[in-house]
Amino acid sequence: MNKLLCRLVVALVTASLVACTSLRTVVDTNSPQAAPASSESPLAPGDVVTVATTTGALTRLLVSAATATSIDGTQVDSKQAVHIELADVTKIERREFSGIKTLLLVVAICAVLYAMTVAAAEAALASNI
């Protein structure tokens, strides 16, 4: 029983080290809603995005520059320089850290660890009586 409890605790503690992310659509030309007018680009140098083009190709890209008409960057897998015109883009997605999801995950893991500890302590007390 103690080995199983130790393994569960190690598994839960390891899971608590994981950060939650959300996939956020930056540009979607198929969306019926128009993108809000903004003077600044929603992309910044250093962003890692997934770009879907009209040909159906998906490219993971480390953005080096973004203008109103194009995106320049380096492919994450092959390290090749890429220039993509926004007219050829159907969707751009960026993975972002989600603090709320991570907080909820950590609280849930701590609650499970607490419940397991209380149950183990009660079982140990019951066996000593």
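What counts and what doesn't
Residues numbered from 1 in each chain as written. Predicted model: local features only at pLDDT ≥ 70, side-chain atom pairs only at ≥ 80, totals over all residues. Heavy atoms only, no water. Helix = DSSP H or I, 4+ residues; strand = E, 2+ residues; numbered from the N terminus. Expected span 1.5 Å × (residues − 1). Buried < 20%, exposed > 50% of the residue type's maximum accessible area, 1.4 Å probe, protein only. Pairing = 2+ DSSP bridges. Axes fitted to C-alpha atoms, helices over the stretch in contact; angles between N-to-C directions. Contact = heavy atoms within 4.5 Å.

Turning our eyes to something else, we now look at helix H2 (residues 99–128). Relative to the 44 Å expected for 30 residues at 1.5 Å per residue, H2 spans 43 Å between its end C-alpha atoms, a close match to the ideal helical length. Residues of H2 that are buried: Thr102, Ile109, Leu113 and Met116.

On to the environment of Ala66, then. Within the secondary structure, Ala66 is located in strand S3 (residues 58–66). Relative accessible area serves as the criterion here: at 23%, Ala66 is assigned to the partly exposed category. The spacing of Ala66 and Pro45 is 21 residues in sequence and 7.3 Å in space, taken between C-alpha atoms.

Once that is clear, we can look at the pairing of S3. The pairing of strand S2 (residues 48–53) with S3 spans five bridges and is antiparallel. Bridge pairing in S3 places Val51 opposite Thr59. Hairpin connection of S2 to S3: four residues between the antiparallel strands, including Gly56 at a positive phi of 95°. Both S3 and strand S4 (residues 70–75) contribute to a ladder of five bridges, which runs antiparallel. Counted as the bridge partner of Val63 is Gly73 from S4. The antiparallel pairing of S3 with S4 creates a hairpin that spans three residues between the two strands.

Taking strand neighbours across the sheet as the criterion, the six strands line up as S1-S6-S2-S3-S4-S5 in an open arrangement whose pairing is antiparallel. Every interior strand has two partners, whereas the edge strands, strand S1 (21–28) and strand S5 (81–85), have only one. Strand after strand, the sheet turns through a mean of 40° between neighbouring axes, direction not considered. Bridge count between S1 and strand S6 (residues 89–97): seven bridges; the pairing is antiparallel. The residue bridging Thr21 from the neighbouring strand is Phe97, located in S6.

This paragraph deals with the environment of Ala19. Topologically, Ala19 is positioned in the loop between helix H1 (2–16) and S1. With sequence-adjacent residues up to four places away left out, Ala19 is seen in contact with Phe97 and Thr102.

Right, let's get into the pairing of S6. Summarising the sheet, S2 and S6 pair through five bridges and their orientation is antiparallel. Paired with Thr50 across the bridge in S6 is Glu93.

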